[in-house]
Amino acid sequence: MPTALLREMADTFDQAIVSAGGRPPDVTLAKEQHAAYSGALRDAGYEIEVVPTDDAYPDCVFIEDTAVVLGSVVLATRPGARERRGEVEPVVERLRERLPVFSIEAPGTLDGGDVMILGGTVFVGRSRRSNEEGIAQLRDTADSQGMSLVTVPVDGVLHLKSAVLPVDDGTVVVTPGTVDESLLAGLRIVHEMPHERHSFSALPLRNGTLLVTSSAPDTTAALTRLGITTVPIDVSEIQAADGGLTCMSILIGD
Ligand code: CIR
C-alpha cells in the first residue's frame, strides 16, 4: 500500500528557522493543521506512518528535507542548515526497512525541498541549502536509476519547491522571477498570481487530486480551469516557518 511517512511536530516548532521578516508559528494551531494534512493524505489512500518527534529539532516536521526516494532507492540527505542534520538518521532508519539507502557525503549538502521528480526527470534546485557537490551526488544516484537530472539555480527563495510546485508529471506552478523557466522546457507552466506571491503550495496525490494551500485561491482557480481537481487546506503556520505541502511527507510506493 502507498505510504506517507510523516514526522510528528516538535513542541519547539515556534523556534523553527524563519526567513528574515517572518514570524514564529503558533504551535497549537500548527499541530491542528498538521493533523488535517495527515487526514487529507489518509483520505487520498495513503497509509500514514509517523516518526516520533524530537524537541531538539524544531524543524523536524519538515521530513521531506531529510531523504529522497529515487526509483527503487533512498538518498539520505545532508541538510544545508547544519542545525538540521540530526533530523536525518531517525527518518532513514525507517526507510532502510523498505529500500536500500545511499547518503549524501560531505562536503555535499542537499535538502529534499530542492528535489522535484516529474516522471523520469529529477529537477534539483541549486540554492542556499543544496550545493554543487550534493547535486553531483544526486546525479550519480539518478543515473543509477535511469533518471535524468536538470539543475535549476534558485534565487530569493529557500528551495526549488518554494517556487516551482509539481501539479502533475507535465505541469508546474511557478512563482514568476524566481527561476530560469527555459530550464523547465517541455512542462506546462502556470504562473502564481502576483497578488498571491509565495502563498501557493501543492502536493499531487495518488488519487489524482491536488492538495493546495487555501491561501492562493486565484492561482488554484487557474488550475481548476485546466480540469485539475484541487483540495484546499489551511497551513498558515507551516507557511510561517517557510514550509509548504510537499515538505511534511515522504511518499513511498506512490
Ligand atoms: C527551514 O528553514 O529549513 C525550515 N524552516 C523550512 C523547511 C521547509 N522545507 C521544505 O519546504 N521542504
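Scroll up a little and you will see the structure.
Basis of the calculations
Residues numbered from 1 in each chain as written. Predicted model: local features only at pLDDT ≥ 70, side-chain atom pairs only at ≥ 80, totals over all residues. Heavy atoms only, no water. Pairing = 2+ DSSP bridges. Helix = DSSP H or I, 4+ residues; strand = E, 2+ residues; numbered from the N terminus. Axes fitted to C-alpha atoms, helices over the stretch in contact; angles between N-to-C directions. Contact = heavy atoms within 4.5 Å. 1 Å grid on protein atoms, 1.4 Å probe; cavity = no way out; pocket = protein on both sides within 12 Å on 5 of 7 lines; lining within 4 Å. Points joined across faces, edges and corners; volume = space filled by probe spheres on them. Nonpolar A, V, L, I, M, F, W, Y, C, P; charged D, E, K, R; others polar. Buried < 20%, exposed > 50% of the residue type's maximum accessible area, 1.4 Å probe, protein only. Near = heavy atom within 4 Å. Polar contact = N/O pair within 3.5 Å; in protein donor to acceptor, adjacent residues only side chain to side chain. Areas by Shrake-Rupley, 256 points an atom, 1.4 Å probe, with all protein chains shown as cover. Sits in = over half its atoms within 2 Å of the grid points. Right-handed = clockwise from strand over helix to strand, strands pointing away.

Caption draft 1: A look at the sheet that holds strand S1 (residues 3-7). The strand order across the open sheet built from three strands is S2-S1-S15, with neighbouring strands paired in mixed fashion. Each having just a single partner strand, strand S2 (47-51) and strand S15 (250-252) make up the two edges of the open sheet. Neighbouring strand axes in the sheet, compared pairwise and without regard to direction, differ in orientation by 25° on average. On top of the sheet, helix H1 (residues 27-43) reaches S1 and S2; it is set at about 170° to S1, its chief contact. Packing of helix H2 (residues 88-96) onto the sheet brings it into contact with S1, S2 and S15, and relative to S1 it is tilted by some 160°.

Caption draft 2: Just the layout of surface pockets, in detail. Looking at the largest pocket, its volume works out to about 850 Å³. Taken together, 32 residues line the largest pocket, and the ones lying closest to its centre are Ile117, Leu203, Pro204, Leu251 and Asp254. Mapped onto the lining of the largest pocket, the elements with two or more residues apiece are strand S3 (67-70), strand S6 (115-118), strand S9 (164-168), strand S12 (202-204) and S15. Across the lining of the largest pocket, the residue classes tally to 19 nonpolar, eight polar and five charged. Considered as a void within the structure, the second largest pocket measures approximately 730 Å³ in volume. For the lining of the second largest pocket, the residue count by class is 11 nonpolar, 13 polar and nine charged.

Caption draft 3: Looking closely at the side chain of Asp65. Positionally, Asp65 belongs in the loop between S2 and S3. Using a relative accessible area of 3% as the deciding quantity, one classes Asp65 as buried.

Caption draft 4: View of the side chain of Ser249. By secondary structure assignment, the location of Ser249 is in the loop between helix H6 (236-240) and S15. The class for Ser249 is buried, based on a relative accessible area of 6%. Apart from residues lying up to four places away in sequence, Ser249 is in contact with Leu5, Leu6, Tyr37, Leu41, Ile63, Glu64 and Leu203.

Caption draft 5: View of the site of the ligand. Residues in close proximity to the ligand total 14 residues, the closest being Ile17, Asp59, Glu64, Arg84 and Arg129. Residue Ile17 places a main-chain N or O atom 2.7 Å away from a nitrogen atom belonging to the ligand. Within the backbone of Ala241, a nitrogen or oxygen atom sits 2.8 Å from a nitrogen atom of the ligand. Look at the ligand: alone it shows 350 Å² of surface, and the protein chains cover 97% of it. The cavity that encloses the ligand is the second largest pocket. Residues that form the shell around the ligand fall into these classes: five nonpolar, three polar and six charged.

Caption draft 6: Just the sheet that holds strand S5 (residues 101-103), in detail. Read from one edge to the other, the open sheet built from three strands follows the order S3-S4-S5, with strand pairing classed as mixed. The sheet is open, and its two edges are formed by S3 and S5, each paired on a single side. On average, adjacent strands in this sheet sit at an angle of 25° to one another, irrespective of strand direction. Summarising the sheet, S3 and strand S4 (residues 73-76) pair through four bridges and their orientation is antiparallel. Paired with Ala67 across the bridge in S4 is Ala76.

Caption draft 7: Highlighting the pairing of strand S8 (residues 148-153). Bridge count for strand S7 (residues 121-126) against S8 is six bridges, and the pairing is parallel. Note that in S8 the partner of Val124 across the bridge is Thr151. Running through helix H3 (residues 132-144), the crossover from S7 to the neighbouring parallel element S8 is right-handed.

Caption draft 8: Just the environment of Thr3, in detail. Examined against the element boundaries, Thr3 turns out to sit in strand S1. The class of Thr3 is buried, set by a relative accessible area of 2%. In this structure, Thr3 is in contact with Tyr46, Glu47, Glu49, Arg98, Ile250, Leu251 and Ile252, ignoring residues within four places of it in sequence. At 3.2 Å, the side chain of Thr3 and the backbone oxygen of Met1 are in polar contact.

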